[in-house]
Every structure is written in C-alpha cells, then in structure tokens.
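# Commentary on secondary and tertiary structure
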Amino acid sequence: MTLRIAEIFGPTIQGEGVLIGEPTVFVRAGGCDYRCSWCDSLHAVDSENRHSWAAMQTEAVWEEVQRLSGGQPLTVSLSGGNPAIQDFGPLIGLGRAAGYRFACETQGSLARPWFAALDTLVLSPKPPSSGEKVDWEAFDACRQAGAGARQQVMKIVIFDQADYDWAREVHSRHPDLPLYLQPGNPEVDPTVPVDLQALADRLRWLTEKAMADRWFAARILPQLHVLIWGNKRGV
Ligand code: SF4
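In short, a report on the structure. (Residues numbered from 1 in each chain as written. Predicted model: local features only at pLDDT ≥ 70, side-chain atom pairs only at ≥ 80, totals over all residues. Heavy atoms only, no water.)

### Concerning the environment of Ala44
- Along the chain, Ala44 falls in the loop between strand S2 (23–29) and strand S3 (54–57).
- Judged by relative accessible area, Ala44 falls into the buried class, the value being 0%.
- As for Ala44 and Arg28, which are separated by 16 residues in sequence, their C-alpha atoms are 7.3 Å apart.
- Beyond its immediate stretch of four places on either side in the chain, Ala44 contacts Ala6, Arg28, Ala29, Gly30, Gly31, Cys32, Trp53, Gly80 and Gly81. (Helix = DSSP H or I, 4+ residues; strand = E, 2+ residues; numbered from the N terminus. Buried < 20%, exposed > 50% of the residue type's maximum accessible area, 1.4 Å probe, protein only. Contact = heavy atoms within 4.5 Å.)

Structure representation (structure tokens):
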C-alpha cells in the first residue's frame, strides 16, 4: 500500500479538541477534496505542493511512527489534507497490534471502512466561512462507517456569527456527538507572527456568546499548539 504523506512529526501534544494535551505522533496525509478559505495546512492540500509529498509504503510509515515514539505506544493522529482519501486501514492494523491508539480528523466528506478501527474519529464539518458546502449524506455515511470506533466527536471552527449560528443548527442535527468549538485563526502564514491578543479576543467572544445562549453542550477550546508555537509547522 503506497500512501501520499505530507509530513510525519512528533511526538508533540495534540493541540485541539477532545484529545488536547495528549502526546501524539502526527501522520499528515497529502491531498484534500476541499479548499477552505482559511486552511492552515495548504502544504498538505494544494496539488502544487505535491512534489513535496512522499510516496511511502505503509510499513515505512509505521517504522517512522515507531522511531519517533521510541517504540512506546502512544496516540497516532491521522490528519491532512483529508486522510479519508487514502487507505490507512493497514497502518491502523499494524499500530493497534502493537498497542498504539489511532485518531483521525476529517471533514466527513468520504466514508471509509477503516473508521471503525479507530479509537477516535473527529468529524470536523466546515462552516460557511470556509467557502465549502457540507454534503450531509456523506457526513452521515462517515458516522455510520465509524460506528465501531471507540469514540466519535465533532469539532467546528468558528470565525463569525454566521458560523456560530450554523454550528448550533449542526449540533441540533447531531445532538449525540460530543461537540468541541474552536475560534478560527485567520493568520495561517507560518512566517507571520500570530496575534495572540486577537485569538484571545475571539475566544472570549465565542465563550461569552455560548454562555449567554445557555449553550452548555459545547466545549470551547483554543488551539494549544498555536498559543505555544504560533503557526510553525511540524510541532
Ligand atoms: Fe484544509 Fe481541512 Fe479544509 Fe482540507 S478540509 S482544505 S485540510 S481546512
């Protein structure tokens, strides 16, 4: 099995969502079926970056995960791009047999049988500010495919009022999915310093809004890695 890999890095902490703070090795797949206006992973999305992606056999990816983790089983996060474009089932099989745990974050546009073998399936439908439109049938198919995963959660990035209203509607559609909200980071250029005050202001706006609306089902978190390292890649 050959996989298109944009980068493999870690161990570092997971900076977002339900696994925030957890030591993790990241396997970032190359390629995505979306083009979100504020994508912070364009190096793993745009086909013009394709030349920098490695064509790796599953076994080579697995060896690199083991090397980075020092052979100690930890969480492996499959990210992208959209990792669902490719077949990570064999990698999950190798890793889980050795005691590693697997998480995958995807927008929910492509359902894969290997979702069922995950420990954590993070479905991250993209709000209106992304410029993308969610295919809810495909999203529901992802939920079904991941029914065997240890947990399924939903993460939504919020940039503005329209995103917030949309997230409330999505939550009413999937009330059983634990929901994590994350204020968006409009500065995605790794060479430009992050405006931490602006991020804090957006986090406060989102928190106060959800509390005023008595929307207690959603957990609201910053991107921890951005607070620590800004937009630097590979951390
Ligand atoms: Fe970027 Fe994710 Fe959108 Fe793909 S789905 S373009 S990786 S933000």
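### Side note on the side chain of Thr12
- As for its position among the elements, Thr12 is in strand S1 (residues 2–13).
- Look past the residues within four positions of Thr12 in its chain and what remains in contact with it is Glu22, Pro23, Thr24, Phe26, Trp229 and Val235.

### Looking at the packing of helix H1 (residues 58–68) against helix H2 (residues 89–97)
- Packing of H1 against H2 leaves a shortest axis separation of 9 Å and a crossing angle of 40°. Judged by the inter-axis angle, H1 sits oblique to H2. The hand of the H1/H2 crossing is right-handed. In this structure, H1 uses Thr58, Val61 and Trp62 to contact H2, whose residues at the interface are Pro90, Leu91, Leu94 and Gly95. (Axes fitted to C-alpha atoms, helices over the stretch in contact; angles between N-to-C directions. Parallel < 35°, antiparallel > 145°, perpendicular 65-115°, else oblique. Left-handed = near helix turned anticlockwise from the far one by under 90°.)

### Side note on a nonpolar patch on the surface
- On the surface, Leu196, Leu227, Ile228 and Trp229 cluster together into a nonpolar patch covering about 360 Å² of accessible area.
- A per-element tally of the nonpolar patch places helix H6 (residues 224–229) first, with three residues.
- Take Ile228: it is sitting in helix H6.
- The class of Ile228 is partly exposed, set by a relative accessible area of 46%. (Patch = residues over 30% accessible without salt bridge, like charges linked within 9 Å, V, L, I, M, F, W, Y side chains within 5 Å. Areas by Shrake-Rupley, 256 points an atom, 1.4 Å probe, with all protein chains shown as cover. Salt bridge = Lys/Arg side-chain N within 4 Å of Asp/Glu carboxyl O.)

### Digging into the state of the cysteines
- What the rule picks out here adds up to zero disulfides.
- Cysteine Cys104 is unpaired, with the sulfur of Cys142 as its nearest cysteine sulfur at 9.0 Å. (Disulfide = S-S within 2.5 Å.)

### Here's the deal with unusual backbone geometry
- The peptide bond linking Gly10 to Pro11 adopts the cis configuration, its omega dihedral lying at -5°.
- Following the sequence through the fold, Pro11 ends up in strand S1.
- A cis amide bond, omega 10°, links Gly80 with the succeeding residue Gly81.
- Inspection of the secondary structure puts Gly81 in the loop between strand S4 (75–79) and H2.
- The backbone of Arg214 sits at a positive phi, close to 55°, despite the residue not being glycine.
- Relative to the elements of secondary structure, Arg214 occurs in the loop between helix H5 (196–212) and strand S9 (218–220).

### What to know about the sheet that holds strand S8 (residues 179–183)
- Read from one edge to the other, the open sheet built from nine strands follows the order S3-S1-S2-S4-S5-S6-S7-S8-S9, with strand pairing classed as mixed. In this open sheet, the two strands that pair with only one neighbour each are S3 and S9. With strand direction ignored, the average angle separating the axes of adjacent strands in the sheet is 30°.
- Alignment of S2 against S4, held across five bridges, turns out to be parallel. Bridge assignment links Arg28 to a residue of S4, and that residue is Ser79. (Pairing = 2+ DSSP bridges.)

### Structural notes on the packing of aromatic side chains
- In the structure shown here, the tally under the stated rule is eight aromatic pairs.
- Judged by centre distance (5.8 Å) and plane angle (75°), the rings of Phe88 and Trp114 are edge-to-face. Of the two residues, Phe88 is situated in the loop between S4 and H2 and Trp114 in the loop between strand S5 (101–106) and strand S6 (120–123); the sequence distance between them amounts to 26 residues.
- For Phe88, a relative accessible area of 0% corresponds to the buried category.
- The buried category is assigned to Trp114, whose relative accessible area is 7%.
- For the pair Trp136 and Phe139, a centre-to-centre distance of 5.0 Å together with 70° between the ring planes defines the contact as edge-to-face. Of this pair, Trp136 and Phe139 both sit in helix H3 (residues 136–145), separated by three residues, roughly a single helical turn. The pair Trp136 / Phe139 is uniform in exposure class, with both members buried. (Phe/Tyr/Trp six-rings, centres within 6.5 Å; stacked < 30°, edge-to-face > 60°.)

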